[in-house]
Amino acid sequence: MDKISHAGVVESKNAGWLRVKISQTSACAACKVSRHCNAMESKDKTIEIYDPLAAEKYKEGDAIVVSMPGSMGHKAVLWAFIVPFLLLVVTIFGVMYFTHDEAWAALSGVGILVPYYGAVYLLRHKISEQFVFKVDV
């Protein structure tokens, strides 16, 4: 089964919850000339994982590996990039077809993204329940 894994460090734990700091690096990190290029980037992210057994087993500072099914990565790409892109394109072509006004088409295309990302923001807690990391043992 294909999965997305990240190495991390336990920052803290509380009542069955682990707070894990993971470092995400770009694909450039593996490149031999990355030291001579400004394209390489790395970001630290903190994720929370509910796993009472892991919370008992690990302590602060322990190195662990967290993962989620690869299908969750595809779902994230769908909601973060593909759906907004389709909304943008359909809106632009639809408004152009009915109004023949490029300015209105462009404004409408960008404008349709405001309620979309607003809805994503309002539903962020429900969405986050679907994207769950687990501790690999």
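Structure's up top.
All figures in this text were calculated on a predicted structure; none of them were measured in a lab. (Residues numbered from 1 in each chain as written. Predicted model: local features only at pLDDT ≥ 70, side-chain atom pairs only at ≥ 80, totals over all residues. Heavy atoms only, no water.)

## A closer look at the overall build of the protein chain
Then step 1. Looking only at helices and strands, the protein chain features five helices and five strands.
Then step 2. Helices (α) and strands (β) of the protein chain occur, in sequence order from the N terminus, as β-β-β-α-β-α-α-α-α-β.
Then step 3. Within the span of the protein chain, comprising 137 residues, buried residues form 23% of the whole.
Then step 4. In the protein chain, 67% of the contacts between residues at least 6 apart in sequence involve partners at least 24 apart.
Then step 5. Looking at the protein chain as shown, the accessible area adds up to about 10100 Å², and 65% of this sits on carbon and sulfur atoms. (Helix = DSSP H or I, 4+ residues; strand = E, 2+ residues; numbered from the N terminus. Buried < 20%, exposed > 50% of the residue type's maximum accessible area, 1.4 Å probe, protein only. Contact = heavy atoms within 4.5 Å. Areas by Shrake-Rupley, 256 points an atom, 1.4 Å probe, with all protein chains shown as cover.)

## With respect to the environment of Met-72
Then step 1. Checked against the element boundaries, Met-72 lands in helix H2 (residues 70-99).
Then step 2. Residues Met-72 and Gln-130, spaced 58 residues apart in sequence, show a C-alpha to C-alpha distance of 8.1 Å.
Then step 3. With residues near it in sequence (within four places) discarded, Met-72 still touches Gln-130 and Phe-131.

## Regarding the packing of helix H3 (residues 102-111) against helix H4 (residues 113-122)
Then step 1. The geometry of H3 relative to H4 is characterised by a closest axis approach of 5 Å and an angle of 0 degrees between their N-to-C directions. By the criterion of interaxial angle, the relationship of H3 to H4 is roughly parallel. Only Leu-113, Val-114 and Pro-115 of H4 make contact with H3, whose side of the interface consists of Gly-109, Val-110 and Gly-111.
Then step 2. Split into classes, the residues belonging to the contact of H3 with H4 amount to four nonpolar, two polar and no charged. (Axes fitted to C-alpha atoms, helices over the stretch in contact; angles between N-to-C directions. Parallel < 35°, antiparallel > 145°, perpendicular 65-115°, else oblique. Nonpolar A, V, L, I, M, F, W, Y, C, P; charged D, E, K, R; others polar.)

## Description of the pairing of strand E4 (residues 63-69)
Then step 1. Across seven bridges, strand E1 (residues 3-14) lies against E4 in antiparallel orientation. Within the sheet, the bridge partner assigned to Lys-3 lies in E4 and is Pro-69. (Pairing = 2+ DSSP bridges.)

## Describing H2
Then step 1. Over its 30 residues, H2 extends 42 Å from the first C-alpha to the last, a length consistent with the 44 Å expected when each residue adds 1.5 Å.
Then step 2. Leu-78 marks the point of greatest bend in H2, at about 40 degrees.
Then step 3. Where H2 is buried, its residues meet E1, E4, H3 and H4.
Then step 4. Two residues or fewer after H2 comes His-100, characterised by a positive phi angle close to 55 degrees. (Expected span 1.5 Å × (residues − 1). Bend = angle between axes of the 7 residues up to and from the residue.)

## Quick word on unusual backbone geometry
Then step 1. Within the chain, Ala-15 stands out as a residue other than glycine whose phi angle is a positive 50 degrees.
Then step 2. Although it is not a glycine, His-100 adopts a positive phi angle of roughly 55 degrees.
Then step 3. Taking relative accessible area as the criterion, His-100 reaches 65% and is therefore assigned exposed.

## What to know about the packing of H2 against H4
Then step 1. In the contact formed by H2 and H4, the axes pass within 10 Å of each other and the chain directions differ by 155 degrees. Relative to H4, H2 is oriented roughly antiparallel. In this structure, the crossing between H2 and H4 has a hand that is right-handed. Where H2 abuts H4, its residues Trp-79, Ala-80, Val-83, Pro-84, Leu-87 and Leu-88 lie against Leu-113, Tyr-116 and Tyr-117.
Then step 2. Among the residues making up the contact of H2 with H4, the classes are represented as nine nonpolar, no polar and no charged. (Left-handed = near helix turned anticlockwise from the far one by under 90°.)

Purely spatial values, then, with no claim about function.
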